[in-house]
Amino acid sequence: MKVDVLLGLQWGDEGKGKVVDVLTPRYDAVARFQGGPNAGHTLEFEGKKYVLRSIPSGIFQDGQVNIIGNGVVLDPVLFQEEAEALERSGVDLKKVLKLSKKAHLILPTHRLLDAANEKAKGGAKIGTTGKGIGPTYTDKVSRNGLRLGDIEHDFTAKYAAARDRHLSILRQMGETPDISELESRWLAAIDYMKGYEIVDSEHLINGLLRDGKSVLCEGAQGTMLDVDFGSYPFVTSSNTVCAGACAGLGVAPNRIGEVFGIFKAYCTRVGSGPFPTELHDETGKRIRDLGHEYGAVTGRERRCGWIDLVALKYAIMINGVTQLIMMKSDVLDDFDEVKACVAYKINGKETKAFPYSIEDGTVEPVYASLPGWKKDMTAFRSEEEFPEAFRNYIDFLEAELETPITIVSIGPDREQTIIRSKK
Ligand code: GDP
Ligand code: IMO
Ligand code: MG
């Protein structure tokens, strides 16, 4: 069997959580492969709303195995909060969720380091989610990290060594925090985590595949936030791209099947960093209001702009996307005109190739303008109902992106999802 991968093609918040939930019934297992509680995935069904951060978005369906892979970083305190909320709403989490022994732990001092690093950068700050993501992945790569599996292996000494190392760095940065309260809360959460099955997840996943079971790998963030291919240094600290699923789960590259790439019918970004199609005008504000573009984790306003096909094509190439999923089409329902960036003008020259740098002021977007469809699509349940102007928009995107759009989302609810018939 092969694994399918579902990942974001823009700067995150494309609607990955919603679609993973919708696709889960097709699979036997769902596995998160990178990122941590910097993610915030909102799911809506049966009149209720749920926000997931570290836990895969497959937990609400029919008892599929849900796996947090080795590529994920976990904050025990946030994990406990998220897990307890889910248990309260009736999810039998301990039964369906398996955690990788090799997943790295976010320590309280990692969060303090994240804040101190941002402060030290001043005006050049990344605008991180403040969850300690960068420092935790830094420790992983510099071989100073603490893993979930360490809970059973000389944990107290390993924890104390990592904490003291962090405190010494913080002191050098002029910070002298009192962490006693944070620490006792964190250690209590470590105890809570012992109630879950902590497994060799690479064996679990490959065993499932050997037994003919199907697995959906769930990405967090988006390709433009990838540490190698995103708008560096304004990125996250993991590989959000398809290859990240191999390293973050122990799945071999020749096991990758379908790659679902998700994008919004427009584009958003939270935090700092370049964004060529950003709109600072009324249209940007209108998209933000209609799309409720405020972060689920930090509550921050998301920056909004038109869809960027140059960046999307690059993301499709890097990930080997086989099927596209377009989200939040309904947000543009009432626009007279919809624009799409089809090329960049750099130093007076037009290009369709995504460049090394998209630093502010260096890239001028070249737009195509399409007529809006001016129709409320939120109650539609089949593609036959799509207005002609919307069909034209889909045809235009498919031709530009040379990849089929197989799912169209027209509202936040599970039911507001249109699976298109294959041509
Ligand atoms: P994720 O991080 O990729 O899972 O995306 P988020 O959950 O952070 O952001 C997507 C937001 O859009 C959530 O609030 C969803 O409930 C909402 N959403 C998802 N799909 C649609 C859609 O098709 N239309 C509208 N209006 N909202 C949507
Ligand atoms: P989901 O999974 C949108 C952004 C932050 C910041 C940068 C680095 O919900 O799509 P970090 O805390 O990772 O060091 O922050 O990345 N960022 C996200 N933006 N959606 C996310 O996740 C994000 N996770 C991180 O805003 O610019
Ligand atoms: Mg999100």
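Below, the structure is looked at part by part. (Residues numbered from 1 in each chain as written. Chains lettered and ligands numbered in written order. Predicted model: local features only at pLDDT ≥ 70, side-chain atom pairs only at ≥ 80, totals over all residues. Heavy atoms only, no water.)

### A look at the packing of aromatic side chains
Next up, step 1: Under the counting rule described, the total for this entry stands at 17 aromatic pairs.
Next up, step 2: Centre to centre, the rings of Phe155 and Trp186 are 6.1 Å apart; their planes meet at 15 degrees, and the pair counts as stacked. Taken together, the residues span a long stretch of sequence, with Phe155 in helix H6 (residues 155–172) and Trp186 in helix H7 (residues 180–193) at a distance of 31 residues. Like Phe155, the residue Trp186 is buried in the burial classification.
Next up, step 3: Ring-pair connections join several aromatic residues into one group, and the members of that group are Trp373, Phe380, Phe386, Phe390 and Tyr393.
Next up, step 4: Lying across the ring of Phe45, Arg414 places its NZ or CZ 3.8 Å from the centre. (Phe/Tyr/Trp six-rings, centres within 6.5 Å; stacked < 30°, edge-to-face > 60°. Helix = DSSP H or I, 4+ residues; strand = E, 2+ residues; numbered from the N terminus. Buried < 20%, exposed > 50% of the residue type's maximum accessible area, 1.4 Å probe, protein only. Lys NZ or Arg CZ within 6 Å of the ring centre and 35° of its normal.)

### Concerning the packing of H6 against H7
Axis angle and axis distance: for two packed helices, these are the angle between their axes and the distance between the axes, and together they describe the pair.
Next up, step 1: Running from amino to carboxyl end, H6 crosses H7 at an angle of 145 degrees, the nearest separation of the two axes being 14 Å. Of the two elements, H6 crosses H7, and the hand of that crossing is right-handed. Of the residues in H7, those touching H6 at Phe155, Tyr159 and Arg163 are Glu183, Trp186, Leu187 and Ile190.
Next up, step 2: Grouping the amino acids of the contact of H6 with H7 by side-chain chemistry returns 5 nonpolar, no polar and 2 charged. (Axes fitted to C-alpha atoms, helices over the stretch in contact; angles between N-to-C directions. Left-handed = near helix turned anticlockwise from the far one by under 90°. Contact = heavy atoms within 4.5 Å. Nonpolar A, V, L, I, M, F, W, Y, C, P; charged D, E, K, R; others polar.)

### Remarks on the site of ligand 2
Next up, step 1: Taken together, 21 residues form the shell around ligand 2, and within it Asp13, Lys16, Thr129, Gln221 and Thr236 come nearest.
Next up, step 2: Within the backbone of Gly127, a nitrogen or oxygen atom sits 3.4 Å from an oxygen atom of ligand 2.
Next up, step 3: Surface burial for ligand 2 is 98%, taken as the share of its 550 Å² of free accessible area covered by protein chains.
Next up, step 4: Grouping the constituent residues of the shell around ligand 2 by class yields 8 nonpolar, 10 polar and 3 charged. (Near = heavy atom within 4 Å. Polar contact = N/O pair within 3.5 Å; in protein donor to acceptor, adjacent residues only side chain to side chain. Areas by Shrake-Rupley, 256 points an atom, 1.4 Å probe, with all protein chains shown as cover.)

### Focus on the coordination of the magnesium ion (ligand 3)
Next up, step 1: Bound to the magnesium ion (ligand 3) are the protein donor atoms Asp13 (OD) and Gly40 (O), situated 2.0 to 2.2 Å from the metal. In this pair, Asp13 is assigned in the loop between strand S1 (3–8) and helix H1 (16–23) and Gly40 in the loop between strand S2 (29–32) and strand S3 (41–45), connecting sequence segments 27 residues apart.
Next up, step 2: Among the residues examined, Gly40 registers a relative accessible area of 13% and is labelled buried. (Donors = N, O, S within 2.8 Å, 3.2 Å for Na, K, Ca; no water.)

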